[in-house]
Amino acid sequence: MRGTTSAAAAAAVLAGLITAAGPAAAAEPACAPGITVLPSLTGGPAGAVHGFGAGGLAVGSSAGLPAYWTADHRVHAVPMPEGFQEGTVTAVNGKGLMVGTVRSTVQGYPGAAFTYQLGAGSVQLITASSGRSGGADVNEAGHVVALDDGVAKEWVNGHVVRELPVPADAHPSTVISSVSGINKRGDILGTAYTNYWDQDNDQIVSKTFPVVWPAGDYPTSSLPVWNDSDWTVGTQATGIDNRGRVVGYEARSYRDWQERKPAVWKRPYDALPAGPGLVAGYEHLTLDAISPDTNATVGTAVTFVDGYANHTQAAYWPGAGPVKALPHPAGATPDVRSQALAVSDDDRVGGSYWGWDGIGSGAVIWTCASKQAYTPQS
């Protein structure tokens, strides 16, 4: 295993941190605003933070490999299964159960979803190796969701307990393209895709839209989108909180023309999404994660030039009012870019930053993020 310490030692460190924190009812110390650039595994790109756990744990990718950082900011590699060369930890729960995706660099770029318990000697692959497998999430009860060769599934203790169908009212061509979240109640979020020839209107209908599978036996919900027929437009679901609030964005991509429009849905998902507005000075915005209970949402503000995202900055939205920017690390070069990919109830935000020249890049954590967010001077 690569990393600065063994997984077992990391588990001991984390266990000590959690124990030292005392009972849940104890008063939490006030957070101190700051930006931490995390160390990287050697031999590859710096990586990004994709999720947060208990006791200061953060998970994501480093040097192209699935990785995690303990509260002392040390980086640790998740053991890689044979036959795979790349990967990312996409989420972790409060008990140290991580989930993610590993991929092979052979033709077709097949991947598989995995689980990894902090301190274990190996990961557990839970899906087939396929170009249509991956994208895992886990909730506090240990329920895991992922795409298994194109079929959305839910696992408990390593066993499949539910296969998630396409919505009953969807066109027969509809497939599930990704699974992106599960909340405390067990509601599961994903994205579906359909493409077919509409003979009545003599046109191709192409639609990408969010789907929610409620906990229990309630019907699957297709979330309404602004555009439901243009093949250049797709709407991605990225996060769901414990009240069922869903965030994501609409993406238009056609040659050099690119647009990103933030979207928020609320139960019972019977209305078009609302948009929170944009970060001052930027033309587009994605929403990429939402906290479990505090309504905080993060993403990336972006301005495209000739189809390229020339200007990007991590964005923070408290759930009401204007969307703001998060600052870049001290000493960052003028051309630095950043993105926010994870947010916790204790006001941590995770993501990455990089410069076009490859200098000064890394996975990053903003602590007490709400107190750092600001409105750029356009």
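For the structure given in this document, a descriptive report is provided here. (Residues numbered from 1 in each chain as written. Predicted model: local features only at pLDDT ≥ 70, side-chain atom pairs only at ≥ 80, totals over all residues. Heavy atoms only, no water.)

One pass over the full model with this rule turns up one aromatic pair. Plain terms: the ring middles of W231 and Y254 are 5.7 Å apart, the flat faces sit at 80° to each other, and that makes the pair edge-to-face. In this pair, W231 sits in the loop between β17 (221-222) and β18 (233-240) while Y254 sits in strand β19 (residues 246-254), placing the two residues 23 residues apart along the sequence. The exposure class of W231 is exposed, given its relative accessible area of 56%. (Phe/Tyr/Trp six-rings, centres within 6.5 Å; stacked < 30°, edge-to-face > 60°. Helix = DSSP H or I, 4+ residues; strand = E, 2+ residues; numbered from the N terminus. Buried < 20%, exposed > 50% of the residue type's maximum accessible area, 1.4 Å probe, protein only.)

A few words now on a nonpolar patch on the surface. There is a patch of nonpolar side chains on the surface, built from W231, Y254 and W257 and spanning about 410 Å² of accessible area. Classification of Y254 as partly exposed rests on a relative accessible area of 37%. (Patch = residues over 30% accessible without salt bridge, like charges linked within 9 Å, V, L, I, M, F, W, Y side chains within 5 Å. Areas by Shrake-Rupley, 256 points an atom, 1.4 Å probe, with all protein chains shown as cover. Salt bridge = Lys/Arg side-chain N within 4 Å of Asp/Glu carboxyl O.)

Taken together, four strands build an open sheet; the order of strands is β21-β22-β23-β24 and the sheet is antiparallel. Two strands close off the open sheet at either side, each with one partner strand: β21 (284-290) and β24 (324-325). Where strand β23 (residues 308-317) meets β24, two bridges bridge the pair, whose relative direction is antiparallel. Counted as the bridge partner of Y316 is K324 from β24. (Pairing = 2+ DSSP bridges.)

What follows is about the environment of L223. Inspection of the secondary structure assignment puts L223 in the loop between β17 and β18. Overall, the relative accessible area of 1% leaves L223 in the buried class. Taking the C-alpha atoms as reference points, L223 and S361, separated by 138 residues in sequence, lie 37 Å from one another. Not counting residues up to four positions away in its chain, the partners in contact with L223 are F209, P210, V211, V212, V246, W265 and Y269. (Contact = heavy atoms within 4.5 Å.)

All quantities given are derived from atomic positions and should not be read as evidence of function.
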